[in-house]
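Structure assessment
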Amino acid sequence: MSEPFSSASVARQLDYCTYCPKMCRHACPVSMASGHETLIPQAKMDRLNQVRKGAQPWTEDALAPIWACTGCRHCTVYCDHDNEPGLVLFAGRAEAQARGVGHAALTGYPDRFRNRDQRLVDDMRRSVDEERRSEDDLVGYWPGCDAIGKDPSSLTPALDVLERVTGATVKLVDGGQACAGYPLLAAGHPDAFRWHASKVATGLKGFRTVVMGCSACVYTLRASYPAEGISLSTEIVSLPEMLARAVTSVPERRDKKPVYYHDPCYLARYEGVIDEPRQVLSRVADVRELSWSGTDTECCGGAGLLPKTMPEVADAMARRRLRELTRGGGGTVVTSCPTCAFMLRSNAPDGVEVKTLVQVLAEAVLDGAG
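Thresholds, definitions, all that
Residues numbered from 1 in each chain as written. Predicted model: local features only at pLDDT ≥ 70, side-chain atom pairs only at ≥ 80, totals over all residues. Heavy atoms only, no water. 1 Å grid on protein atoms, 1.4 Å probe; cavity = no way out; pocket = protein on both sides within 12 Å on 5 of 7 lines; lining within 4 Å. Points joined across faces, edges and corners; volume = space filled by probe spheres on them. Nonpolar A, V, L, I, M, F, W, Y, C, P; charged D, E, K, R; others polar. Helix = DSSP H or I, 4+ residues; strand = E, 2+ residues; numbered from the N terminus. Pairing = 2+ DSSP bridges. Phe/Tyr/Trp six-rings, centres within 6.5 Å; stacked < 30°, edge-to-face > 60°. Buried < 20%, exposed > 50% of the residue type's maximum accessible area, 1.4 Å probe, protein only. Contact = heavy atoms within 4.5 Å. Polar contact = N/O pair within 3.5 Å; in protein donor to acceptor, adjacent residues only side chain to side chain. Salt bridge = Lys/Arg side-chain N within 4 Å of Asp/Glu carboxyl O. Expected span 1.5 Å × (residues − 1). Bend = angle between axes of the 7 residues up to and from the residue.

1. Some thoughts on empty space enclosed by the protein
Counting across every chain of the model gives three cavities of 30 Å³ or more. Reported here for the largest cavity is a volume of approximately 130 Å³. Along the wall of the largest cavity there are 13 residues; nearest its centre are Y141, S154, P338, T356 and V358. Among the residues making up the lining of the largest cavity, the classes are represented as eight nonpolar, four polar and one charged. A volume near 100 Å³ is recorded for the second largest cavity. Lining the second largest cavity we find 16 residues, and of these C28, K44, C69, C72 and C75 sit closest to its centre. Among the secondary structure elements, those contributing two or more residues to the lining of the second largest cavity are helix 2 (29–34), helix 3 (41–53), helix 4 (74–77) and helix 5 (85–98). Per-element tally for the lining of the second largest cavity: the top contributor is helix 5, with three residues.

2. Topic: the pairing of strand 6 (residues 257–262)
By the bridge criterion, five bridges tie strand 6 to strand 7 (residues 285–289) in an arrangement that is parallel. Bridging from a neighbouring strand, Y260 pairs with R288 of strand 7. Across three bridges, the pairing between strand 6 and strand 8 (residues 331–335) is parallel. Residue pairing for strand 8: Y261 is matched across the bridge by V334.

3. Looking at the layout of surface pockets
Of the voids in this model, the largest pocket is the one considered here, and its volume is about 880 Å³. Lining of the largest pocket is provided by 33 residues; of these, F5, L87, F90, A91 and E228 occupy positions nearest its centre. Mapped onto the lining of the largest pocket, the elements with two or more residues apiece are helix 1 (7–18), helix 3, helix 5, helix 9 (182–186), helix 10 (190–204), helix 11 (215–227) and helix 13 (265–270). Broken down by element, the lining of the largest pocket gets its largest block of residues, seven residues, from helix 5. Residues that form the lining of the largest pocket fall into these classes: 20 nonpolar, six polar and seven charged. If you add up the space inside the second largest pocket, you get close to 510 Å³. Surrounding the second largest pocket, 29 residues form its lining, D146, P183, G302, L305 and T339 being those nearest its centre. Elements that contribute at least two residues to the lining of the second largest pocket include exactly helix 6 (109–127), helix 7 (145–150), helix 9, helix 11, helix 13, helix 15 (306–309) and helix 18 (338–346).

4. Describing the packing of aromatic side chains
Evaluation of the coordinates by the stated rule reveals seven aromatic pairs. For the ring pair Y182 and Y266, a centre distance of 5.3 Å and an interplane angle of 75° mean the geometry is edge-to-face. Linking Y182 in helix 9 with Y266 in helix 13, this pair joins segments that are 84 residues apart in sequence. Take Y182 and Y266: they sit in the same class, and that class is buried. Relative to Y225, the ring of F193 has its centre 5.6 Å away and its plane inclined at 85°; by these criteria the two rings are edge-to-face. Of this pair, F193 sits in helix 10 while Y225 sits in helix 11; the two residues are 32 residues apart in sequence, bridging distant segments of the chain.

5. Some thoughts on the environment of R283
With respect to the element layout, R283 can be found in the loop between helix 14 (275–281) and strand 7. Spatially, the C-alpha atom of R283 lies 9.2 Å from that of L361, the residues being 78 residues apart in sequence. If we ignore the near neighbours within four places in the chain, the residues touching R283 are V247, T248, V250, P251, E252, R253 and K256. In terms of polar contacts, R283 uses its side chain to reach the backbone carbonyl oxygen of V250, at 2.9 Å.

6. Notes on the pattern of salt bridges
With the rule as written, the count across this model stands at 30 salt bridges. A salt bridge links R194 to E228; the shortest N-O distance between them is 2.5 Å. Of the two residues, R194 is situated in helix 10 and E228 in the loop between helix 11 and strand 5 (235–238); the sequence distance between them amounts to 34 residues. Three or more residues joined by partner-sharing salt bridges are found here, namely E298, R320, R321 and R323.

7. Re helix 11
Here helix 11 spans 18 Å end to end across 13 residues, near enough to the 18 Å set by a 1.5 Å rise per residue. At L221, helix 11 shows its largest kink, close to 40°. When helix 11 is considered as a whole, its buried residues turn out to be S215, A216, C217, V218, Y219, T220, L221, S224 and Y225. A positive phi of about 85° marks G229, the residue just after helix 11.

8. Section: the environment of V211
Here V211 shows up in strand 4 (residues 207–212). What makes V211 buried here is its relative accessible area of 1%. In this structure V211 touches V139, G140, Y141, W142, L162, V237, S238, L239 and M242, once residues within four positions along its chain are discounted.

In structure tokens:
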């Protein structure tokens, strides 16, 4: 949005959405996957607006629709007023938590987050040799919590790919945190987020550039940190952006196999990182487009804590994302985000293979195939 994200702006957006003729209804992956009209963006914003104005009570039941959002921003693409329902609904979650009427699935979430973050830091240290980790260096790689927790075998190959392509020495960031804190904002805990973000900022100070593997954390570090008053002296770069800077160093394969690229919502719509992954991937594969791609990409269901608040719908969104390949007889989907890869891989039918960008590059660059 062009105007500051203030209380007046939130009120205006809620009013505009309440009286809107539902022009973005087709763009909400949650309502489309669930089949519920009450979960289209207009209806979710209207419910929060009614609660704000006192027409509905501040109760968990009344506020249930505000948790049916991944913050994917697809609705904003089709909004003539540039409204941001995802950000507004997340703000509504914060108010709900402050009033003690948060989602039951997220009870005690700040403590759960801290415990998981520490466990993932320990897992990361066990997965990557000490000499490849550092608290300070010129370039660091921070994979994100889902890469550590769900695909730890990818961490060392990612370092290898980054070093081979960029020619730089790249160390795994070992600053004491595994996650940038996005889930805390999605859960409605801005105070816990600011506390965690200040620790992250301290942990990243020793790096000139940090390459981020998680798409939601790229947005969080670049946008949410400054919005919450947390300054970073470190350059934050997504993995595709870093690789694209040295794309000619990626050896071009002769026998390029067809793959479909899935754009992570937080990279494509929030950060505009669309061309870079395709530039890199096209060096080693025949990149084809899904019908919904770029700023029109469909959400995989992994964001906004939807796998915790509405797990069945989150899985249905991932299956819906892959339906094009399923109907076409199968194929390979590549994405740069570990969260997207996990959601899609977990719901992929027979004949559909899901790979990360790092995985594809490792096979081509490190194994020397081609």
